[in-house]
Amino acid sequence: MAAQKLEPHTRKRKAKPTLRTIAEATGFAVTTVSRALAGDERIAQSTRDTVAEAARRLGYVPDRAARRLRTGRTQVVSLLLNTRHEFLGFTHEMLSGITEGLRGTGFAVSVVPESLDEDRVATVRSILRNRLSDGVLMTRTEVFDPRVRLLLEEGFPFVSHGRTEFSTPHPWVDYDNEAFARAAVRRLVARGRRRIGIILPEARYTFSQHLRYGFISAAAETGVAHEIFPDLSLDTPTERIAAHLRDRMSRPDAPDGYVCVGEEMALATLGALADCGQVPGRDVDVIAKRASPIFDSVRPRIETAYEDLRATGRVMAQMLLKRMDGAPPEALNHLFQPEQAFMGPTGH
């Protein structure tokens, strides 16, 4: 009698790689493999690299359920990611950096979408109540962010993208927006511009305060006329921004220099200028903060300052790991400086 063909559900499955599988492949002890995959710095870097490569080659995936029962840890960090960004590649760059920062540690990142118009604390409460992760990474930090207040009260590890005004120290990674705004104004004044405009984030966000101070103080130092568009913010729909700018540009006292806090704002500004027949570099000048190569393909070229979101995500992840291991929060702060002010056709 011919042998019956096994149905798919009865076929023998390939054994799932384990720590012992990696140990046999590398010649290291199981305990060494475990510590190497956890990123234990007491294990030589060469050993950690060898174990990580073997794990990748063998397709090893940590058994998170078993580890959670054994250690009480989920081996997951939560990223609270707002659904609106001033940068076109924000999500990709931030996630790529976080993934790099967690590589080889056994931790995974769980993205939790967050609307800026909803109760942002409810999401954090759910993470804490259901123990969904071992730490939190958050974006769009507010001056007195209620998420930060709750996490501080609970003693739960977190790192914020942006600073707060709380007196209690906490881990944060930020970009020096004050320095960016100050340098942008000075650059536009050096270009001969006499009236400079800017659209800021909503006042509740800390980086709005930094941008405002840098912009106003630099305008005062240089004596240039300036204006902050009062009815618009970074999160205003771009079509409304463009319409408002077109109206403003049609007046005799319109700005001849613009500081744009992000790529979406810059593109809306450039569109409005084109609609009004004005040419950047001739009639006006535009300086934008960017996080992608988008403006390499935009003509006429404009000057830009770079914010490295991938490096930001990587540092945030590494900082969170240190905080979860007990590092003091006051030692966990990093302020990125504008890398080049400014790159572009007239930059140096």
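Taking an unreviewed UniProt entry as the reference, the chain is identified by name as Transcriptional regulator, LacI family belonging to Citreimonas salinaria.

Q: Help me get a handle on the packing of helix H8 (residues 177-190) against helix H9 (residues 206-222), residues and values and all.
A: The geometry of H8 relative to H9 is characterised by a closest axis approach of 7 Å and an angle of 30° between their N-to-C directions. Classed by the angle they form, the pair H8 and H9 counts as roughly parallel. You can see that H8 and H9 cross each other, and the crossing is right-handed. Together, Asn177, Glu178, Phe180, Ala181, Arg182, Val185, Arg186 and Val189 of H8 and Phe207, His210, Leu211, Tyr213, Gly214, Phe215, Ser217, Ala218, Ala219, Glu221 and Thr222 of H9 make up the contact between the two elements.

Q: Now, about the environment of Thr206: what can you tell me, with residues and values included?
A: Along the chain, Thr206 falls in helix H9. Judged by relative accessible area, Thr206 falls into the buried class, the value being 2%. Along the sequence, Thr206 and Asn177 sit 29 residues apart, while their C-alpha atoms lie 9.9 Å from each other. Thr206 has contacts with Thr141, Glu142, Val143, Arg163 and Thr164, leaving out every residue within four places of it along the chain.

Q: Just give me the short version of the packing of helix H6 (residues 120-130) against helix H7 (residues 146-154), but keep the residues and values in it.
A: Between H6 and H7, whose axes approach to 8 Å, the crossing angle comes to 25°. When the axes of H6 and H7 are compared, the pair comes out roughly parallel. H6 and H7 meet at a crossing whose hand is right-handed. Seen from H6, the contacting residues are Arg120, Val121, Val124, Arg125 and Leu128; seen from H7, they are Pro146, Arg147, Leu150, Leu151 and Glu154. Class assignment of the residues belonging to the contact of H6 with H7 gives a composition of 6 nonpolar, no polar and 4 charged.

Q: Give a detailed account of H8, specifying residues and quantitative values.
A: The end-to-end C-alpha distance of H8, which contains 14 residues, comes to 20 Å, matching closely the 20 Å that a straight helix rising 1.5 Å per residue would cover. All buried positions along H8 are accounted for by Asn177, Phe180, Ala181, Arg182, Ala184, Val185, Arg187 and Leu188.

Parameters at a glance
- Each residue is numbered by its place in its chain's sequence as written, counting from 1.
- Totals for whole chains, interfaces and linings use all residues, but because this is a predicted model, local features are given only for residues with pLDDT of at least 70 and pairs of side-chain atoms are given and counted only at 80 or more.
- The side-chain figures draw on all heavy atoms in the structure; neither hydrogens nor water molecules are used.
- Note on geometry: axes are C-alpha line fits, over the in-contact stretch for helices, and angles between N-to-C directions span 0 to 180 degrees.
- Helix numbering and strand numbering both begin at the N terminus, where a helix is a DSSP run of H or I of at least 4 residues and a strand a DSSP run of E of at least 2.
- We call two directions roughly parallel when the angle between them is under 35 degrees, roughly antiparallel when it is over 145, roughly perpendicular when it lies between 65 and 115, and oblique otherwise.
- Definitions for this section: a left-handed crossing has its near helix turned counterclockwise from the far helix by less than a right angle. A right-handed crossing has that turn clockwise.
- Two residues form a contact once any of their heavy atoms are found within 4.5 Å.
- Classification of residues uses two cut-offs on accessible area relative to the type maximum, computed with a 1.4 Å probe and protein chains only: under 20% is buried, over 50% is exposed, and between them is partly exposed.
- Each residue is assigned to one of three groups, with Ala, Val, Leu, Ile, Met, Phe, Trp, Tyr, Cys and Pro labelled nonpolar, Asp, Glu, Lys and Arg labelled charged, and all others, Gly among them, labelled polar.
- Take the number of residues in a helix, subtract one, and multiply by 1.5 Å to get its expected span.

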